[in-house]
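# Breakdown of the fold
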Amino acid sequence: MKAVILTKPTESREIKITEYPTPAVKPGLVLVRIKSFGMNHSEQILRKSEISAPYIQKPIIPGIECAGEVADASDTAFTAGQKVIALMGGMGREFNGSYAEYALLPAHHVFAADTNLSWNQLAAIPETYFTAWGSLFECLSLKSSDHLLVRGGTCALGYAAIQIAKAFGCKVTATTHRESKLQLLTDCGADTALLDNGSLKGQVSGITKALELVGIKTLKNTLSCMEKGGIVCNTGNLGGVYTWNGFDPIKDIPNGIYLTGFFSNTPTQETINDIFAFLDAHNLTPHIGKCYLFTDIAKACEDMENGKINGKIVIDVNGGDLNA
């Protein structure tokens, strides 16, 4: 099969597709023929630096999610030809992931996809929408009466969260640090789009729930903007700061404000079903920034790294219609 193989820190221009053995089927694992896969910021981190960590299996095929069909179900409950998605559970770090034509994946992180979405649309769902869904409903206990702040809204996860929250009936304020992207937020459904200069004090009011995607860099400021009883969910780290040195929960979390975080490593079939049912009920499709052919993977990585694409980047392994 064709695959991207990493052994060391790799710049986007150095990425190449090579021939690699198609994995042999094993009990408890499902061989998935990959049709399309979405790209994620975490894969960029792996490629540029994390690949050097001792806990990363090397060589490794990156990629934490995919959409495809079952090529060989082995001893699992799946059937050959079944439409599925897969995400997380160690994909692309503990074992080979989705930057390939086939992936051998643990059955417990492969999920039936009951949807009429195209392969490219389906590939934009798994990690992004599961993370948005879990952040909003499991961590923020979102209600239709909430005023939600999405800090760092012009990323694939931000667009998904805005889309879901608006369909749910919430008022949404979203931020970006680029003035040129303000219109993208309102086009996606945000009621208010704000230019983020690092502090939102005095710019927002009535915020009851906040999805923090910039991360530690702006988290303390986000906490300070909340209404009493508000909840902040730290899900992203777009700001590039990964630890909160000197964090003092007594002083840094305002009285009566709650802080939580979402880790997307525990998807279930029930939650995946709920997501597809919600999208279908509200006639929603994912916001795709651009689709690339697998042969153009290096260009896709370069464009993601340079922030050229607004929305989810999807890679078409199947060679179908990039507009689908």
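Attention in this report is confined to the structure presented alongside it. What you are looking at is a predicted structure, and each value in this text was computed from that prediction instead of being measured.

Reading the values: rules and limits
- Residues numbered from 1 in each chain as written.
- Predicted model: local features only at pLDDT ≥ 70, side-chain atom pairs only at ≥ 80, totals over all residues.
- Heavy atoms only, no water.
- Helix = DSSP H or I, 4+ residues; strand = E, 2+ residues; numbered from the N terminus.
- Rg over C-alpha atoms; globule rule 2.2 N^0.38 Å.
- Buried < 20%, exposed > 50% of the residue type's maximum accessible area, 1.4 Å probe, protein only.
- Contact = heavy atoms within 4.5 Å.
- Areas by Shrake-Rupley, 256 points an atom, 1.4 Å probe, with all protein chains shown as cover.
- Core = buried A, V, L, I, M, F, W, Y, C linked by side-chain atoms within 4.5 Å.
- Polar contact = N/O pair within 3.5 Å; in protein donor to acceptor, adjacent residues only side chain to side chain.
- Phe/Tyr/Trp six-rings, centres within 6.5 Å; stacked < 30°, edge-to-face > 60°.
- Axes fitted to C-alpha atoms, helices over the stretch in contact; angles between N-to-C directions.
- Parallel < 35°, antiparallel > 145°, perpendicular 65-115°, else oblique.
- Nonpolar A, V, L, I, M, F, W, Y, C, P; charged D, E, K, R; others polar.
- Right-handed = clockwise from strand over helix to strand, strands pointing away.
- Pairing = 2+ DSSP bridges.
- Arc of directions from axis to C-beta.
- Salt bridge = Lys/Arg side-chain N within 4 Å of Asp/Glu carboxyl O.

Scanning the chain from N- to C-terminus turns up nine helices and 15 strands. Its C-alpha radius of gyration of 20 Å places the chain within 12% of the 20 Å reference for a compact globule of 324 residues. For the chain, the spread of C-alpha atoms along the three principal axes comes to 55 × 40 × 35 Å. In the chain, which comprises 324 residues, the proportion classed as buried is 52%. A fraction of 71% describes how many contacts in the chain between residues 6 or more apart in sequence connect residues 24 or more apart. For the chain, the accessible surface area stands at approximately 14,000 Å², while carbon and sulfur atoms represent 50% of it.

Right, let's get into the nonpolar core. Core analysis: the biggest nonpolar cluster contains 49 residues, and I85, L148, I162, V172 and F276 have the highest contact counts within it. Considering every element that reaches this core, the biggest residue donor is helix α4 (residues 156-168), with seven residues. Judged by nonpolar contacts, the second largest core, of 39 residues, contains A3, V4, L46 and C301.

Looking now at the side chain of S98. Tracing the backbone through its elements, the reader meets S98 in the loop between β5 (83-87) and β6 (102-106). Classification of S98 by relative accessible area gives buried; the value is 0%. Of the polar contacts made by the side chain of S98, one reaches the backbone oxygen of E65; its length is 2.7 Å. Not counting the four nearest positions on each side in its chain, S98 is found in contact with I34, F37, I61, P62, G63, I64, E65, C66 and M91.

Taken as a whole and judged by the stated rule, the model has seven aromatic pairs. Taking 5.3 Å as the distance between ring centres and 75° as the angle between the ring planes, the aromatic pair formed by W133 and F278 counts as edge-to-face. Taken together, the positions of W133 in helix α3 (residues 126-139) and F278 in helix α8 (residues 269-281) put the pair 145 residues apart, joining distant regions of the chain. With relative accessibility at 14%, the residue W133 sits in the buried group.

Remark: α3 packs on α8, axes separated minimally by 10 Å, with the N-to-C direction vectors making an angle of 95°. Overall, the two elements α3 and α8 adopt an arrangement that is roughly perpendicular. Facing Y129, F130 and W133 of α3, the residues of α8 in contact are T271, D274, I275, F278 and L279. A per-class count over the contact of α3 with α8 returns six nonpolar, one polar and one charged.

Extensive coverage of strand β8 (residues 147-151) is indicated by the burial of five of its five residues. Because side chains alternate across β8, one face comprises the buried residues H147, L149 and R151, and the other comprises L148 and V150, equally buried. Taken together, β8, α4 and strand β9 (residues 171-176) constitute a β-α-β crossover, and its handedness is right-handed. Judged from the four bridges that link them, β8 and strand β11 (residues 209-212) form a sheet pairing that is parallel. Bridging from a neighbouring strand, L148 pairs with K209 of β11.

So, about helix α9 (residues 297-305). Of the positions making up α9, those classed as buried are I297, A300, C301, D303 and M304. In a view along the axis of α9, the buried residues occupy a sector of 165°, so they form one face of it. In the core, the buried residues of α9 are packed alongside β1 (2-4), β2 (17-19), β3 (29-38), α1 (41-48), β14 (288-293) and β15 (312-316). Where α9 terminates, the next one or two residues include G307, which has phi positive at roughly 65°.

With that settled, the discussion passes to the pattern of salt bridges. One pass over the structure, following the stated rule, counts 13 salt bridges. In this structure, K35 engages E69 in a salt bridge whose closest nitrogen and oxygen atoms are separated by 3.9 Å. You can see K35 sitting in strand β3 and its partner E69 sitting in strand β4 (residues 65-72), a full 34 residues away along the chain. Taken individually, K35 and E69 each receive the classification buried, so the pair is uniform in this respect. In this structure, the salt-bridge partner of K209 is D146, at a minimum N-O distance of 2.8 Å. Taken as a pair, K209 in strand β11 and D146 in the loop between α3 and β8 lie far apart in primary sequence, 63 residues in all. Here K209 and D146 have matching classes, each one buried.

As a further point, take unusual backbone geometry. In this structure, the amide linkage connecting K58 to the following residue, P59, adopts the cis form with an omega of -5°. The topology assignment puts P59 in the loop between α1 and β4. Positive phi is not limited to glycine here, since S141 has a value of about 45°. Relative to the assigned elements, S141 resides in the loop between α3 and β8. Under the relative-accessibility criterion, S141 is labelled partly exposed at 37%.

Remember that the coordinates give geometry; whether it matters functionally is a separate question.
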